[in-house]
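Working through the structure, step by step
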Amino acid sequence: GDTTRQRIKFSDDRVCKSHLLNCCPHDVLSGTRMDLGECLKVHDLALRADYEIASKDQDFFFELDAMDHLQSFIADCDRRTEVAKKRLAETQEEISAEVAAKAERVHELNEEIGKLLAKVEQLGADGNVEESQKVMDEVEKARVKKREAEEVYRNSMPASSFQQQKLRVCEVCSAYLGLHDNDRRLADHFGGKLHLGFIEIREKLEELRRIVADKQEKRNQERLKRREEREKLRRSRSHSKHTKRSRSRDRRRHWSRSASRERKRRTRSKSREKRHRHRSRSNSRSRSRSHHRSRHSSRERSRERSSKKRSSKERSSRDKERSRDRDRTSRDKDRSSRERSPRDFKDKKRSYESANGRSEDPRSSEEREAGEI
């Protein structure tokens, strides 16, 4: 009738992932002297069943959370073991390394005997009588080895110190073990729920570590594959883009080349047309210039001719004017000479003769005057 359980799913953060994997320390160590009490998260067998069904189709990777939980618990247990070892080293007498090695051998044989006895009890409970008998034979052999090791250890120490109880801390569950514990005590410890629970937790932790490592490796490989596929896809796209670009570049180059060729052809045709036009213009200009020159030369010639004619006319007119002036002056002189009196003429003649010292004939003087006129 609890409605909160119906609303919670196994993937909720409030659900204990170690419980879903059947390895929660609170469940394993319940009823022992190291009972941890009730777990702070939700424990429900129905949720575990739902997880087992759903995990067949999908990997939720809850092993990582369970591994962290068990790892923290085992770390606390190992810390307690180290603290117990330090306390024993402070309270007990110090022994040499050789004696400590002999005592450690006795402890190892005690542990082996205890484990074998616990196995015999389990096989007897299951009904495997033959297997339990074989294990009991191994127990007898271990007991013989233990007695020999105890004799060696007793001979290496004085009687006073050998009688002192030597304790040892269990490496699995951090419990104290005595050097002289009997088989029943060792069987109870190694076959007890506490020791077996710690063994189960440690084995489960190793299994989870292996599973997590395998899954991480698998995920890394999948990521690498996806990266390679993406890289291949990117390369193919870049190659296609490059090919498209190269094709477009080739097309552009072809277009540019064709355009440049067309331009060159056009420029050549234009240059040819310009040359032809220039030539035609130059020819027309030369013709016009030659025609203009011919016209100019003809004009110049006509001008020269006209100027010559004008100069000749002017000369003739000037000569005529000069001749006219001369005639006029001669006429004026004749008139003046006619108008002059004979007396003046005679006076002039006399003065002239007196100046030159010679006399002339009147005829000659008259002729002279006439010639001068």
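Below is a summary of the structure that appears in this document. None of the values given here were measured: they were computed from a predicted structure.

Tracing the backbone shows Ala46 in helix α4 (residues 45-54). Look at Ala46 and you get partly exposed, because its relative accessible area is 42%. Taking the C-alpha atoms as reference points, Ala46 and Lys9, separated by 37 residues in sequence, lie 9.8 Å from one another.

Tallied over the entire structure, the rule returns 14 salt bridges. One salt bridge connects Arg105 with Glu108, and the closest N-O pair in it is separated by 3.8 Å. Note that Arg105 and Glu108 are positioned in helix α6 (residues 97-126) at a spacing of 3 residues, about one turn of the helix. Judged by relative accessible area, which is 40%, Arg105 ranks as partly exposed.

Residue Asn22 is not a glycine yet carries a positive backbone phi of 60°. For Asn22, the location among the structural elements is in the loop between α2 (17-20) and α3 (25-28). With relative accessibility at 48%, the residue Asn22 sits in the partly exposed group. In this structure, Phe61 is a non-glycine residue whose phi angle is positive, near 60°. Of note, Phe61 is situated in the loop between α4 and α5 (63-91). Judged by relative accessible area, which is 12%, Phe61 ranks as buried.

Calculation notes
- Residues numbered from 1 in each chain as written.
- Predicted model: local features only at pLDDT ≥ 70, side-chain atom pairs only at ≥ 80, totals over all residues.
- Heavy atoms only, no water.
- Helix = DSSP H or I, 4+ residues; strand = E, 2+ residues; numbered from the N terminus.
- Buried < 20%, exposed > 50% of the residue type's maximum accessible area, 1.4 Å probe, protein only.
- Salt bridge = Lys/Arg side-chain N within 4 Å of Asp/Glu carboxyl O.

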